[in-house]
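# Structural description and commentary
Now for the letters of each chain:
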Amino acid sequence: YFQHLHHGLDVNAYEYYTDLISPALNSKLLLYMNKTWIARVPHFQDAPQDFIVQVASILTRHLFPPKEVILLMGSPPLEVYIVNKGIAAGNNRLFTVGQLIGSDAFVRSYTMRSYSTHAITYIQCSRLNRDELFEVLENWPEMNKKFRLLAIKTIFRE
């Protein structure tokens, strides 16, 4: 666990420097550090760079050891996890790099989760708070529309 945590600290170290550098350089750093999942998550494909930077700035990093619960059945859908490294299982599927765990948070706000998700390997994730994302989406009507359409697709997929 501590070896994986130490490796993850390299990824988290940039958060310290974001306060020390210019906004333009900070934007480039956020884009670079998050380029893997940006390219793989449909919600963010073809999104404006400024939108991606705003979303990347509200992400928090988490590391889960094998068998640890990431999302608990019966919990409210308040967050989405983006897999940065590792494998998780839940809701009858596997989650790998660039996939969203808990995308029902984009759809449901008042129902409880009907599934649990746990780590199979050590897994590094970026946590996206639902309310903070919706605050960002208020300033991006075209992205708000895209998220709503993808949320509808999620409903029909389940």
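Before reading on, note that the structure itself is shown above.
About the cut-offs
Within every chain, residues take consecutive numbers counted from 1 along the sequence as written. The model is predicted, so local features are restricted to residues of pLDDT at least 70 and side-chain atom pairs to those at 80 or more, both for listing and for counting; the totals for chains, interfaces and linings are taken over all residues. Only hydrogens and water are set aside when side-chain values are computed; all heavy atoms of the structure are taken into account. Pairing between strands is defined by DSSP: at least two bridges between the two strands are required. Strands here mean DSSP runs of E at least two residues long; helices mean DSSP runs of H or I at least four residues long; both are numbered from the N terminus. By convention in these notes, a salt bridge is any Lys or Arg side-chain nitrogen within 4 Å of a carboxyl oxygen on Asp or Glu. Note on exposure labels: buried denotes an accessible area under 20% of the residue type's maximum, exposed denotes more than 50%, and partly exposed covers the range between, all computed with a 1.4 Å probe on protein chains only. For this analysis, a ring pair means two rings from Phe, Tyr or Trp (six-membered ring only for Trp) whose centres lie within 6.5 Å, classed as stacked if their planes differ by under 30 degrees, edge-to-face if by over 60, and tilted for the remaining angles. Relevant arc is that of directions from the helix axis to the C-beta atoms, nothing else. Polar contacts, as used here, are pairs of N or O atoms within 3.5 Å; protein pairs need one atom able to donate a hydrogen and one able to accept it. Residues neighboring in sequence count only if both atoms are side-chain atoms. Note on definitions: angles span 0 to 180 degrees between N-to-C directions of axes, and those axes are lines fitted to C-alpha atoms, for helices only across the stretch in contact. Roughly parallel here means an angle under 35 degrees, roughly antiparallel means over 145, roughly perpendicular means 65 to 115, and every remaining angle is called oblique. Contacts between residues were defined by any pair of non-hydrogen atoms, one from each residue, lying within 4.5 Å. When residue character is reported, Ala, Val, Leu, Ile, Met, Phe, Trp, Tyr, Cys and Pro are called nonpolar, Asp, Glu, Lys and Arg charged, and the others, Gly included, polar.

### A short note on the sheet that holds strand β6 (residues 100–101)
The strand order across the open sheet built from four strands is β1-β8-β3-β6, with neighbouring strands paired in antiparallel fashion. Each having just a single partner strand, β1 (60–64) and β6 make up the two edges of the open sheet. The pairing of strand β3 (residues 79–85) with strand β8 (residues 123–129) spans six bridges and is antiparallel. Within the sheet, the bridge partner assigned to glutamate 79 lies in β8 and is asparagine 129.

### What to know about the pattern of salt bridges
Evaluated as defined, the whole model comprises four salt bridges. With its nearest N and O atoms 3.4 Å apart, the salt bridge here joins arginine 127 to glutamate 79. Of this pair, arginine 127 sits in strand β8 while glutamate 79 sits in strand β3, and the two are 48 residues apart along the sequence. Note that aspartate 131 is salt-bridged to arginine 130, the shortest N-O span being 3.8 Å. Residue classification places aspartate 131 among the partly exposed residues on the basis of a relative accessible area of 44%. The buried category is assigned to arginine 130, whose relative accessible area is 12%.

### Things to note about the packing of aromatic side chains
Between two aromatic rings, the relevant description is the distance of the centres plus the angle of the planes. A complete count under the given rule lists six aromatic pairs for this structure. Look at phenylalanine 106 and phenylalanine 147: their rings are 5.2 Å apart centre to centre, the planes differ by 85°, and that puts the pair in the edge-to-face class. Residue phenylalanine 106 is found in the loop between β6 and β7 (117–119), and its partner phenylalanine 147 is found in helix α7 (residues 141–157); the two are separated by 41 residues along the sequence. When its relative accessible area of 10% is taken as the criterion, phenylalanine 106 is described as buried. Aromatic rings pair up to connect Phe44, Phe51, Phe106, Trp140 and Phe147 into one cluster.

### Thoughts on helix α3 (residues 23–33)
Taken residue by residue, α3 has Asn26, Leu30 and Leu31 as its buried positions. End-on, the buried residues of α3 take up no more than an arc of 135°, which puts them together on one face. Structural note: α3 exposes Ala24, Lys28 and Tyr32 on the side pointing more than 90 degrees away from its buried face.

### Here's the deal with helix α6 (residues 130–137)
Those residues of α6 that fall on the buried side of the exposure criterion are Arg130, Leu133, Val136 and Leu137. When α6 is viewed along its axis, its buried side chains cluster within an angular range of 120° and face the same direction. The N-terminus of α6 is capped by asparagine 129, whose side-chain oxygen sits 2.9 Å from the backbone nitrogen of aspartate 131.

### A few points about the packing of α3 against helix α5 (residues 49–57)
Remark: α3 packs on α5, axes separated minimally by 9 Å, with the N-to-C direction vectors making an angle of 80°. In this view, α3 runs roughly perpendicular relative to α5, as classed from their interaxial angle. Residue-level inspection shows Ser27, Leu30 and Leu31 of α3 in contact with α5, the latter providing Gln49, Ile52, Val53, Ala56 and Ser57. In terms of residue class, the contact of α3 with α5 is made up of five nonpolar, three polar and no charged.

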